[in-house]
Amino acid sequence: MSAHPINQAIISQLLFDLRNGQLRRALDMGFSEDDLTLLQDPEMLSVLINSSVRWSSVTVNTEVMRRLLNRVKDSDKEIQMIDLMLKYGASSKLLAEAFGLDPREVALRKRVKGIDKKQGRWQEITEEQDHTLWREWVDKIKQYQLDKNDALDMAKVCMILSKKHGIQMAMIWQAMEKWIEIP
């Protein structure tokens with residue numbers, strides 16, 4: 001019979017942690033201080049590594065695993081949302097407030113996506129557009145129970161309005177910032 005792969009993996013992780021001064025991690029795996037003292041002897045390590053009897057077990061913390069996997073999904077959704085916002089003309093300022101993106105990151109994303117970088121100030125919306133967009137903005141906040149001080153919530157509404165009216169998100173965002181300031 002050959003050595004059990006779980007035993008080998010546990011000892012490899014143990015040695016890695018010990019070499020890096022992570023004694024606490026070795027204790028967290030289930031080893032006692034006495035075990036660590038014994039395992040300083042290469043012969044003892046060899047016995048454990050080469051044993052065909054599985055002397056350890058692995059458990060999966062499904063709650064943590066699912067949280068990690070959901071984070072990946074959320075990250076993918078966030079990237080898709082950022083790309084969509086760029087398509088609808090989101091400004092660097094909007095993306096910084098909603099997602100914490102650095103203007104250099106936004107510029108790089110625009111270049112990679114082949115989106116022209118807007119130079120100068122954005123044109124302001126007309127008074128008629130302002131009234132129409134404001135009414136819809138208020139409706140969306142009520143409809144979805146959004147927090148107007150949450151930049152991500154407001155960015156989502158901005159994108160909805162941009163898509164519906166064909167107005168650059170940056171222009172709507174400028175107006176929304178004024179609306180938010182009004183008590």
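Everything discussed here concerns the structure shown above.
These notes cover the structure that comes with them. Computed from a prediction, not measured in an experiment: that's the story for all the values here. The residue numbering used here restarts from 1 in each chain and proceeds along that chain's sequence as written. Since the coordinates come from a predicted model, pLDDT governs what is reported: local features require at least 70, and pairs of side-chain atoms require 80 or more to be given and counted, while whole-chain, interface and lining totals use all residues. The side-chain numbers reported here are obtained from all heavy atoms of the structure, hydrogens and water having been left aside.

## So, the overall build of the protein chain
Then comes step 1: Secondary structure elements are taken from DSSP: a helix is a run of H or I of four residues or more, a strand is a run of E of two residues or more, and numbering for both begins at the N terminus. A count of helices and strands for the protein chain gives 10 helices and zero strands.
Then comes step 2: In the protein chain, the succession of α and β elements from N to C terminus is α-α-α-α-α-α-α-α-α-α.
Then comes step 3: A radius of gyration in this sense is built from C-alpha atoms; the matching globule rule multiplies 2.2 Å by the number of residues raised to 0.38. Expected size for 183 residues packed as a compact globule is a radius of gyration near 16 Å; at 28 Å, the protein chain overshoots this value by more than 25%.
Then comes step 4: When its C-alpha atoms are laid out on the principal axes, the protein chain stretches across 85 × 35 × 30 Å.

## Quick look at helix α6 (residues 92–99)
Then comes step 1: Residue exposure (1.4 Å probe, protein chains only): buried if accessible area is under 20% of the type maximum, exposed if over 50%, otherwise partly exposed. Regarding α6, the residues found buried are Leu-94, Leu-95, Ala-98 and Phe-99. The arc that holds every buried residue of α6, seen down its axis, measures 95 degrees, which confines them to one face.
Then comes step 2: Whether two residues are in contact is decided by their heavy atoms, any of which lying within 4.5 Å being enough. Against α5 (62–87), α7 (103–113), α9 (151–165) and α10 (169–181) lie the buried residues of α6.
Then comes step 3: Positive phi appears at Gly-100, one or two residues downstream of α6, with a value of about 75 degrees. In this context, the arc is that of the directions from the helix axis out to the C-beta atoms.

## Some remarks on the packing of α9 against α10
Then comes step 1: Relative orientation of the contacting elements α9 and α10 amounts to 130 degrees, with a least axis distance of 9 Å. Taken together, the axes of α9 and α10 lie oblique to each other. Handedness of the α9/α10 crossing: right-handed. Seen from α9, the contacting residues are Ala-151, Met-154, Ala-155, Cys-158, Met-159, Leu-161 and Ser-162; seen from α10, they are Met-169, Ile-172, Trp-173, Met-176 and Ile-180.
Then comes step 2: Looking at the contact of α9 with α10 residue by residue, the classes come out as 11 nonpolar, one polar and no charged. The axes used here are C-alpha line fits, helices contributing only the stretch in contact, and every angle between their N-to-C directions lies in the interval 0 to 180 degrees. If an angle is under 35 degrees, it is roughly parallel; if it is over 145, roughly antiparallel; if it lies from 65 to 115, roughly perpendicular; otherwise it is oblique. The crossing is said to be left-handed when, going from far helix to near helix, the turn is anticlockwise and less than a right angle, and right-handed when the turn is clockwise. Note on residue classes: Ala, Val, Leu, Ile, Met, Phe, Trp, Tyr, Cys and Pro are nonpolar, Asp, Glu, Lys and Arg are charged, and everything else, Gly too, is polar.

## Examining the environment of Ser-51
Then comes step 1: Looking at the element boundaries, Ser-51 is found in the loop between α4 (42–50) and α5.
Then comes step 2: Placed 44 residues apart in sequence, Ser-51 and Asn-7 show a C-alpha to C-alpha distance of 7.6 Å.
Then comes step 3: If we ignore the near neighbours within four places in the chain, the residues touching Ser-51 are Ala-3, His-4 and Asn-7.

## Brief notes about the packing of aromatic side chains
Then comes step 1: Two rings from Phe, Tyr or Trp (for Trp, the six-membered ring) form a pair when their centres are within 6.5 Å of each other. A pair whose planes differ by under 30 degrees is stacked, one over 60 is edge-to-face, and the rest are tilted. Tallied over the full model, the rule gives two aromatic pairs.
Then comes step 2: Measuring from ring centre to ring centre gives 5.3 Å for Trp-137 and Trp-179, while their planes differ by 45 degrees; the resulting arrangement is tilted. You can see Trp-137 sitting in helix α8 (residues 127–144) and its partner Trp-179 sitting in helix α10, a full 42 residues away along the chain. Each member of the pair, Trp-137 as well as Trp-179, is classed as buried.

What is shown is where atoms sit, not what they do.
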